[in-house]
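Below are the chains, spelled out letter by letter.
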Amino acid sequence: MKPKDYRYTGKRPFEFDRVECGASAKARLMKEELIERTEENIEHLARLQDRLYADGREGLVVVLQAMDAAGKDSTVKHVMSGLNPQGVSVYSFKAPTAPELGHDYLWRIAQCLPERGRIAIFNRSHYEDAVTVDVLKLYPRFKMPGRCLEGDFIGRRLDQICDFEEYLYENGIRMVKIFLNVSRDEQQKRLLERLDKPSKHWKFSAGDLDTRARWDDYHRAYERAINETATKHCPWYVIPADDKWFTRFLVSEAMIEALQKIDPQYPEPAEPERFLEYRQRLMDEQ
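Quick look at the structure, then. Quick caveat: nothing in here was measured; it's all calculated off a predicted structure. (Residues numbered from 1 in each chain as written. Predicted model: local features only at pLDDT ≥ 70, side-chain atom pairs only at ≥ 80, totals over all residues. Heavy atoms only, no water.)

**Some thoughts on the overall build of the protein**
Summing up its helical and strand segments, the protein has 13 helices and 6 strands in all. When its C-alpha atoms are laid out on the principal axes, the protein stretches across 75 × 50 × 40 Å. Per-residue burial for the protein yields a buried fraction of 47% across its 286 residues. Of all intrachain contacts in the protein linking residues separated by at least 6 positions in sequence, the fraction that spans at least 24 positions is 81%. The distance from the centre of the 46 positive side-chain charges to the centre of the 49 negative ones in the protein is 3 Å. (Helix = DSSP H or I, 4+ residues; strand = E, 2+ residues; numbered from the N terminus. Buried < 20%, exposed > 50% of the residue type's maximum accessible area, 1.4 Å probe, protein only. Contact = heavy atoms within 4.5 Å. Lys, Arg positive; Asp, Glu negative; His and termini not counted. Charge placed at Lys NZ, Arg CZ, Asp CG, Glu CD.)

**Concerning the pattern of salt bridges**
Inspection of the entire model under this criterion finds 23 salt bridges. The shortest N-O distance in the salt bridge between Asp68 and Arg124 comes to 2.8 Å. Note that Asp68 is positioned in the loop between strand S2 (59–66) and helix H3 (72–79) and Arg124 in the loop between strand S4 (119–123) and helix H6 (128–135), a separation of 56 residues in sequence. Judged by relative accessible area, Asp68 falls into the buried class, the value being 11%. What makes Arg124 buried here is its relative accessible area of 18%. The partner of Glu165 in a salt bridge is Lys177, and the shortest N-O contact between them spans 2.8 Å. (Salt bridge = Lys/Arg side-chain N within 4 Å of Asp/Glu carboxyl O.)

**Some words on the packing of aromatic side chains**
We describe a pair of aromatic rings using the distance from one ring centre to the other and the angle between the two ring planes. Inspection of every chain in the model, using the stated rule, returns 12 aromatic pairs. Here Tyr127 and Trp236 contribute two aromatic rings whose centre-to-centre distance is 4.9 Å and whose plane-to-plane angle is 70 degrees, an arrangement assigned as edge-to-face. In this pair, Tyr127 is assigned in the loop between S4 and H6 and Trp236 in strand S6 (residues 236–240), connecting sequence segments 109 residues apart. The buried category is assigned to Tyr127, whose relative accessible area is 1%. Looking at Arg12, its charged tip hangs above the ring of Tyr8, at a distance of 4.1 Å from the centre. Against the face of Tyr105 rests Arg157, its NZ or CZ located 3.9 Å from the ring centre. (Phe/Tyr/Trp six-rings, centres within 6.5 Å; stacked < 30°, edge-to-face > 60°. Lys NZ or Arg CZ within 6 Å of the ring centre and 35° of its normal.)

**Observations concerning the environment of Met30**
As for its position among the elements, Met30 is in the loop between helix H1 (25–29) and helix H2 (31–55). Spatially, the C-alpha atoms of Met30 and Ile256 are 20 Å apart, while their sequence positions differ by 226 residues. In this structure Met30 touches Met1 and Arg37, once residues within four positions along its chain are discounted.

**So, a negative patch on the surface**
Taken together, the side chains of Glu36, Glu39, Glu40 and Glu43 define an acidic patch exposed on the protein surface. Relative to the helices and strands, Glu39 is located in helix H2. (Patch = residues over 30% accessible without salt bridge, like charges linked within 9 Å, V, L, I, M, F, W, Y side chains within 5 Å. Areas by Shrake-Rupley, 256 points an atom, 1.4 Å probe, with all protein chains shown as cover.)

**Description of the pairing of S2**
For S2, the tally of buried residues reaches 8 of 8 residues, placing the bulk of the element in the interior. On S2, burial covers both faces: Gly59, Val61, Val63 and Gln65 on one face and Leu60, Val62, Leu64 and Ala66 on the other are all buried. Where S2 and strand S5 (residues 173–181) come together, 8 bridges link them in parallel fashion. Looking across to S5, one finds that Gly59 is bridged to Ile173. In this sheet, S4 lies alongside S2 in parallel orientation, the contact comprising 5 bridges. If you follow Val61 over to S4, its bridge partner there is Ala120. (Pairing = 2+ DSSP bridges.)

Any functional reading would require information beyond the geometric quantities listed.
Below, the structure is given as structure tokens:
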């Protein structure tokens with residue numbers, strides 16, 4: 001139950017048919033321990049974030065992608081609960097607006113990239129502009145030159161995304177990409193809950209049913225996107241999402257792994273040899 005078990009870096013193929021949507025039998029036997037470890041991880045993340053902010057040499061983008069009702073919002077709410085709001089921002093990317101469509105598709109993403117020392121959480125991301133555009137075949141209607149629409153449009157986008165993410169890595173911004181893998185049965189259960197509970201009515205959209213009807217198409221598009229954009233520097237983590245307690249544990253582990261690779265350190269103070277002098281000056285004020 002290590003992050004590496006769910007990590008894809010391009011060295012092995014990803015296939016939905018070969019991965020689980022729920023917690024393993026071993027994990028279920030350790031449920032209470034893993035819930036406790038998740039809380040410890042949240043505290044550890046807070047300490048790592050404090051060092052990241054103070055160090056200011058690298059930034060981190062956490063991408064969350066999933067089918068509807070997979071638990072993206074609750075994952076952000078729970079796992080990120082210990083982070084200092086001063087150093088983290090959360091962005092939710094919906095269908096692009098008319099002004100956004102007037103720019104290249106990565107333009108709106110670039111506006112939300114974190115400064116070095118900060119963390120950005122992307123609830124959906126630039127992958128919508130490959131996956132959803134692929135499934136719904138939106139690109140033939142794009143207001144773009146014909147040369148941009150010819151051939152393998154989606155393949156070029158995935159290549160561009162790889163180049164974009166490598167560019168960010170080479171400029172001090174790491175990216176951890178997480179796909180929350182919910183099962184079709186569990187999604188049905190959660191969508192019904194949104195219809196049955198008044199407090200969750202606001203979460204329901206008829207569009208969720210349209211997307212659900214194209215489940216296989218979305219899985220095919222995600223499978224391609226993950227396989228073509230999983231790299232050593234910008235890996236994908238495909239995490240079971242049917243059991244939220246297990247999802248939260250694995251997401252917290254993946255984030256800790258990413259921050260430990262950054263290995264942020266508190267900067268050395270200027271003129272530490274004068275600290276005794278400065279302390280004495282403060283004490284003399286009493």
